[in-house]
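Chain and residue survey
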Amino acid sequence: MAGDLLRLGAAPGQNSPEQYALVMRMESHSEERRGNATLWQHYEEKVVKRLIELWQLGDLAEAQQVHEICGILDVNCFEIGQNGAKARTLYPSAFLLAHDCSPNTAHTDDPGTYAILLRTSRRVHEQEALTLSYAYTLQGTLKRRSFMHEGKLFWCQCRRCADPKELGTDCSALACRSCRLGSIRAVQPLEQTADWACDRCQRQVSAQEVEHQLERINNDLEAIDVHDIPGLENFLIRYRDVLRPNHYLLLSAKYSLCQIYGRIEGYLLPQMQPEDIARKERYCREFLAIIDVLEPGLTRLRGLIMYELHAPIMILAQIAIQKGQISAKEFQCRIKEVIKLLQQSRDILKLEPQGSNEHEMGSAAADALIKMGCK
C-alpha cells in the first residue's frame, strides 16, 4: 500500500486517493517523533531524502508528508507472513483496536490473500473494549514497555504492566543474590527508570542494571541454536539461580524445548528416555500455566502447547500401566486428559488459516482423535 503513495513522482495520494485517505486516518505521532532527534534523523536520512532527492519521487515541500507516512507505518503496521515470509501491512479498520498486554482478541493473516483474521479469544463483556497486543506476550514488562515506546511512541499502562507480579505470573522476577530467598521486582513498574527491590531483604537494583543484565542473558539465549537441546537445557541450569522459574527468558527456552523434544534426530519420541519425555511434559505444563493467564481462551500459543503436551502424557501413561505403576482407573484419567487436550488444540488451531502450519497441526489433532475413536 505505501508504495502507491509516491509512485512516479506524484504528490502523496494522487495515484490512489481512496487508499491515501484511509491511510491518513491513522495516527502518526509526528510531533512526538519530531521530538525524538535520533528517530527523526534516521527517517530523514534513510527514507525522506532517499525518496525525494535520490529517487526524485517528490519535492521538499512533501517531506513532512513522507515523515507522517513513516510514522503511520511504524505506529499502525501489522507484521504478517506465514512459513518464514514476513511483511508489514496496514489494515483500514484493525488499527482502531486498543492495545493490552493481555488482550481479548487473537489475530493472524491468510497466507493466500494476506487478509487479517481477527477473532475474540475469550468472552468479552458488554462495554469492554476490544484489544490486541502490539508486543510479544512472552516478554517482561520492562522489555514490552520499552519496545512499544520505541515503535508506537506510548508507555503502556495496562493491568499487567501496572502489576509488579504481572497478573500473578511473575514473568520478570529475578532471584536475589543477597538473601538467596527473595525475588527482585520493579517497585513502580509504570516508572521505567525506577529501582527494583527484593521482597525479602534491603537489596535494590537500578532499572538500568536490570536492563543490562537481561540483555546479556538474552544475547546468551539467542546465541544458542534453536535445535540445540543440550545447549538450551544448559541455559536453564545456568540461569535457574539468577532468574525466577517463570521468567520470560526461561520460558522462551522451555517453549523451544517443548517444540523440539520429539521432533529432531536423537530426540524423536521412540528414542527418548522416560525422564526426557517427562521433562517435555513438565515444560509444557509450566508454559501452559502462564499462557492460561496471559493469553487465555482460543489463542494460538495455547493450541500449540496443548498439542505438544498430549503426546508425553500418553506415552508415559502407557509405560506406567505396562509396568504396573498406575491403576487402570488412573490410566483412564490420563487418557481423558489427552483427549481433552487434543480437542481443545483442534478447536483452536483449526481456526487458523488453511495452509498455515498451525492449521495443519489442528488437522493432526483431529486425526489423532479419530484414531482414538473420539470426536
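Definitions and limits used
- Residues numbered from 1 in each chain as written.
- Predicted model: local features only at pLDDT ≥ 70, side-chain atom pairs only at ≥ 80, totals over all residues.
- Heavy atoms only, no water.
- Helix = DSSP H or I, 4+ residues; strand = E, 2+ residues; numbered from the N terminus.
- Contact = heavy atoms within 4.5 Å.
- Areas by Shrake-Rupley, 256 points an atom, 1.4 Å probe, with all protein chains shown as cover.
- Lys, Arg positive; Asp, Glu negative; His and termini not counted.
- Charge placed at Lys NZ, Arg CZ, Asp CG, Glu CD.
- Phe/Tyr/Trp six-rings, centres within 6.5 Å; stacked < 30°, edge-to-face > 60°.
- Buried < 20%, exposed > 50% of the residue type's maximum accessible area, 1.4 Å probe, protein only.
- Lys NZ or Arg CZ within 6 Å of the ring centre and 35° of its normal.
- Expected span 1.5 Å × (residues − 1).
- Salt bridge = Lys/Arg side-chain N within 4 Å of Asp/Glu carboxyl O.
- Core = buried A, V, L, I, M, F, W, Y, C linked by side-chain atoms within 4.5 Å.
- Pairing = 2+ DSSP bridges.

Quick notes on the overall build of the protein chain
A count of helices and strands for the protein chain gives 13 helices and ten strands. Across its three principal axes, the protein chain shows a C-alpha extent of roughly 80 × 55 × 45 Å. Restricting to contacts in the protein chain with at least 6 residues of sequence separation, those with at least 24 account for 56%. Carbon together with sulfur atoms contributes 50% to the accessible area of the protein chain, which is approximately 19600 Å² in total. Looking at the protein chain, you have 45 positive and 49 negative side-chain charges, and the mean spots of the two groups are 7 Å apart.

Things to note about the packing of aromatic side chains
Per the counting criterion, the structure on display carries five aromatic pairs. Ring geometry for Phe235 against Tyr239: centres 4.9 Å apart, planes inclined by 50°, an arrangement best described as tilted. When sorted by exposure, Phe235 lands in the same class as Tyr239, which is buried. Directly above the ring of Tyr43 sits Arg33, whose terminal nitrogen or CZ lies 4.7 Å from the centroid. If you follow Lys152 out to its NZ or CZ, it ends over the ring of Tyr134, 5.3 Å from the centre.

A closer look at unusual backbone geometry
For Tyr114, which is not glycine, the phi torsion reads 65° and is therefore positive. On the secondary structure map, Tyr114 appears in the loop between β4 (105-109) and β5 (116-120). A positive phi is found at Leu167, a non-glycine position, where the angle reads about 60°. Along the chain, Leu167 falls in the loop between α6 (159-162) and β7 (174-175).

Section: helix α5 (residues 141-152)
Helix length check: α5 (twelve residues) gives 15 Å between terminal C-alpha atoms against 16 Å at 1.5 Å per residue, within 8%. Restricting attention to buried positions, one finds in α5 the residues Thr141, Leu142, Arg144, Arg145, Ser146, Met148 and Lys152. Packing partners of the buried residues in α5 comprise α4 (63-76), β3 (98-99), α6, β9 (196-198) and α7 (207-222). Just downstream of α5, Leu153 is the residue with a positive phi angle, here 65°.

Thoughts on the pattern of salt bridges
Tallying each qualifying case throughout the model produces 23 salt bridges. Among the ionic pairs, Glu352 bridges to Arg119, the shortest N-O distance being 3.4 Å. In this pair, Glu352 is assigned in the loop between α12 (328-349) and α13 (357-371) and Arg119 in strand β5, connecting sequence segments 233 residues apart. Among the residues examined, Glu352 registers a relative accessible area of 3% and is labelled buried. Assessed through its relative accessible area of 17%, Arg119 is described here as buried. Of the charged contacts in the structure, one is a salt bridge between Arg177 and Glu209, with a shortest N-O distance of 3.8 Å. With Arg177 in the loop between β7 and β8 (183-186) and Glu209 in helix α7, the pair connects residues that are 32 residues apart, well separated along the chain.

Overview of the environment of Arg240
Residue position: Arg240 is located in the loop between α8 (229-238) and α9 (248-260). Taking the C-alpha atoms as reference, Arg240 lies 8.1 Å from Leu250; in sequence the two are ten residues apart.

Observations concerning the nonpolar core
The biggest cluster of nonpolar side chains holds 67 residues, and the ones touching the most others in it are Trp196, Phe235, Leu243, Leu257 and Phe287. Sort the elements by how many residues they give to this core and helix α11 (residues 300-322) lands first, with twelve residues. Beyond its immediate chain neighbours, meaning those up to four positions away, Leu243 contacts Ala173, Leu174, Ala175, Leu214, Ile217, Leu249 and Leu250. Membership of the second largest hydrophobic core comes to ten residues, among which are Leu39, Tyr43, Ile52 and Leu153.

A closer look at the pairing of β5
Of the pairings in the sheet, the one linking β4 to β5 comprises five bridges and is antiparallel in character. Of the residues in β5, the one forming a bridge with Ala106 is Arg119. Where β4 folds back onto β5 in an antiparallel hairpin, the turn is made up of six residues, including Tyr114, whose phi is positive at roughly 65°.

Any functional reading would require information beyond the geometric quantities listed.
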